[in-house]
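As a plain string of letters, each chain reads:
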Amino acid sequence: MPGIYVRDNESFEEAFKRFKKQCERAGILSEIKKREHYEKPSEKKKKKALAARKKALKKKRLGERKK
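Everything numeric here is computed off the predicted structure, so don't read it as measured data. (Residues numbered from 1 in each chain as written. Predicted model: local features only at pLDDT ≥ 70, side-chain atom pairs only at ≥ 80, totals over all residues. Heavy atoms only, no water.)

In this structure, Glu10 sits in the segment before α1 (12–26). A polar contact of 3.0 Å, which involves the side chain of Glu10, links it to the side chain of Arg18. Each residue touching Glu10, except ones within four places of it in the same chain, is listed here: Tyr5, Ala15 and Arg18. (Helix = DSSP H or I, 4+ residues; strand = E, 2+ residues; numbered from the N terminus. Polar contact = N/O pair within 3.5 Å; in protein donor to acceptor, adjacent residues only side chain to side chain. Contact = heavy atoms within 4.5 Å.)

Rendered as structure tokens:
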């Protein structure tokens with residue numbers, strides 16, 4: 001769990017900004033979004049396959065542009 005110590009003469013906004021950045025680095029926000037709704041294993045598989053298909057298509061398109 002990320003935590004910060006507020007420095008002397010540091011404003012709340014600056015301390016909060018450091019805390020948010022630390023949470024982002026730890027991957028907490030992405031984990032929360034991932035766990036927000038239950039996803040069945042079959043839905044996870046479909047999403048993963050779709051993402052792989054999109055990535056391959058994008059890679060193919062970029063390869064054609066270079067030629």
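A few words now on a positive patch on the surface. Where like charges cluster on the molecular surface, the positive patch consists of Lys17, Lys20, Lys21 and Arg25. Take Lys17: it is sitting in helix α1. The class for Lys17 is exposed, based on a relative accessible area of 61%. (Patch = residues over 30% accessible without salt bridge, like charges linked within 9 Å, V, L, I, M, F, W, Y side chains within 5 Å. Areas by Shrake-Rupley, 256 points an atom, 1.4 Å probe, with all protein chains shown as cover. Salt bridge = Lys/Arg side-chain N within 4 Å of Asp/Glu carboxyl O. Lys, Arg positive; Asp, Glu negative; His and termini not counted. Charge placed at Lys NZ, Arg CZ, Asp CG, Glu CD. Buried < 20%, exposed > 50% of the residue type's maximum accessible area, 1.4 Å probe, protein only.)

Under the defined criterion, the tally for this structure stands at one aromatic pair. Here the aromatic rings of Phe12 and Phe16 are separated by 5.8 Å at their centres, their planes lie at 10°, and the arrangement is stacked. With a gap of four residues between them, Phe12 and Phe16 both fall in helix α1, about one helical turn apart. (Phe/Tyr/Trp six-rings, centres within 6.5 Å; stacked < 30°, edge-to-face > 60°.)

Under the defined criterion, the tally for this structure stands at four salt bridges. The partner of Arg35 in a salt bridge is Glu31, with the nearest N and O atoms 2.5 Å apart. Taken together, the positions of Arg35 and Glu31, both in helix α2 (residues 28–35) and four residues apart, correspond to about one turn of that helix. A relative accessible area of 30% means that Glu31 is categorised as partly exposed. Here the salt bridges do not stand alone but share partners, grouping Glu31, Lys34 and Arg35 into one network.

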